[in-house]
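The chain contents come next:
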Amino acid sequence: MMTSKMKLQDQKRIVVKIGSATLVDAKTGRLRAAWLQTLADDIAMLRSRGREVLIVSSGAIALGRRKTNLPAHGKLRLEESQAAAAIGQIALGEAYADALHKVDLTAGQILLTLGDTEERRRYLNARATLSTLLQLGSVPIVNENDTVATSEIKYGDNDRLAARVATMISADCLILLSDIDGLYTAPPANNPDARHIPLIEHITPEIEAMAGSTGSEFAKGGMTTKIAAGKIAVNAGTSMIIANGGVYNPLKSIMDGAKCSWFVANSNPITQRRRWINGHLEPHGCLTLDDGAVRALHSGKSLLPAGVMSLEGNFAKGDAVILRAPNGEEIARGLIGYDHFEAEKIKGCRSNQITEILGYDGRPELIHRDDMVLRDTEPAEHSEHAAQ
Ligand code: GLU
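Read on for an overview of the structure. Here the structure is a predicted model, which is why all the values come from computation and not from measurement.

## Overview of the packing of aromatic side chains
Aromatic rings in a pair are described by how distant their centres are and how their planes are angled relative to each other.
Next up, step 1: Taken as a whole and assessed by the stated rule, the structure comprises 1 aromatic pair.
Next up, step 2: Here the aromatic rings of tyrosine 123 and tryptophan 276 are separated by 6.0 Å at their centres, their planes lie at 50°, and the arrangement is tilted. With a gap of 153 residues between them, tyrosine 123 in helix 7 (residues 120-135) and tryptophan 276 in helix 12 (residues 272-278) connect regions that are remote in the sequence.
Next up, step 3: By relative accessible area, tyrosine 123 is classed as buried at 0%.
Next up, step 4: A cation sits over an aromatic face here: arginine 120 above tryptophan 276, 5.0 Å from the ring centre.

So, in structure tokens, the structure goes:
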């Protein structure tokens, strides 16, 4: 039933994430140019059917390190990988531009840093550029701007970057082309009994537990970041596919029924603004609530200062924070209406005491319900309240 709906040919706007292990030959460190041409052929075929395609591609560091004296394998120092990315990104962009040019398509390169999706104004700006590229008939090629991103300000892996891009432009489907053809009950390389899972309707704790490591040297992500990407995507109404990218014509193969795993999009997706809040990779603080506040949130209410037991983090007004239940479980994310000094002063207090404590008029709620998203797939019975 559900599977019959899950067809790539039915998806209008598609983001394809290509990992280094798929694009770069592990033995020679060279770009798999013939493979890339078949991907470009697939993109042209989808475009001729009225589909829009965006690419999120890794490979800058893997390509760049081979063009210098840097060691071909193993971990690089931060400044070495930044230099490798600076060199490799030119080759990467050129390779896509050439392959797409051969099928009469134009590539447009976008390099993002974490702040481009975490700060609302920059997020809207990046979204506008991507939409314009699509309107112009171009194929956006996105990567992290590794040359300037240090570990604190990094997406770190292109799986979550791709999910962030896909939800930012309301894609129907995100395809993670990987060196594995989907999710298994255990890492298949060392578990002969591992079972392939073709359809994931909900990302449950059991599904998360199945995510092992892909064990590929080039791949940054592994299965854990793919599941994290899946959570960002499906909550925002974007379905996700994990498929084997190693084969020629990888997108056509999926259309022809190649083995893969589909993560079904939440049929009740959250709004664009809440999507942005929910996908935040770097929340600035954390609030622990009492049981009453947790119940209130689940019935669609705003968070009042009275329900906060403790808080941590140097957040400013408007920053994204995590909300936890007394047992430490994350239950929601939201944009806080007070900075951490103010929040510390008014936590545990009644809203009508706020003016007296702070010395000025403030809003009665710490986080308004419109600025908050309950974690995971909000079950239908909850989302109805939350929408009130
Ligand atoms: N952005 C990195 C690169 O292009 C790769 C990150 C990843 O593979 O997740 O080399």
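## Things to note about the pairing of strand 9 (residues 239-244)
Next up, step 1: By the criterion of burial, strand 9 is predominantly enclosed, with 5 of the 6 residues buried.
Next up, step 2: Pairing of strand 5 (residues 173-178) with strand 9, which is carried by 6 bridges, proceeds in the parallel orientation. Each residue of the ladder has a partner; that of cysteine 173, found in strand 9, is serine 239.
Next up, step 3: Both strand 9 and strand 10 (residues 260-263) contribute to a ladder of 4 bridges, which runs antiparallel. By the bridge assignment for strand 10, alanine 243 is matched with cysteine 260.

## Some remarks on the pairing of strand 10
Next up, step 1: Residue alternation in strand 10 divides its side chains into two sets, Cys260 and Trp262 and Ser261 and Phe263, and both sets are buried.
Next up, step 2: Bridge analysis of strand 8 (residues 199-200) against strand 10 gives 2 bridges, and the strand direction is parallel. Looking across to strand 10, one finds that isoleucine 200 is bridged to phenylalanine 263.

Definitions and limits used
Residues numbered from 1 in each chain as written. Predicted model: local features only at pLDDT ≥ 70, side-chain atom pairs only at ≥ 80, totals over all residues. Heavy atoms only, no water. Phe/Tyr/Trp six-rings, centres within 6.5 Å; stacked < 30°, edge-to-face > 60°. Helix = DSSP H or I, 4+ residues; strand = E, 2+ residues; numbered from the N terminus. Buried < 20%, exposed > 50% of the residue type's maximum accessible area, 1.4 Å probe, protein only. Lys NZ or Arg CZ within 6 Å of the ring centre and 35° of its normal. Pairing = 2+ DSSP bridges.

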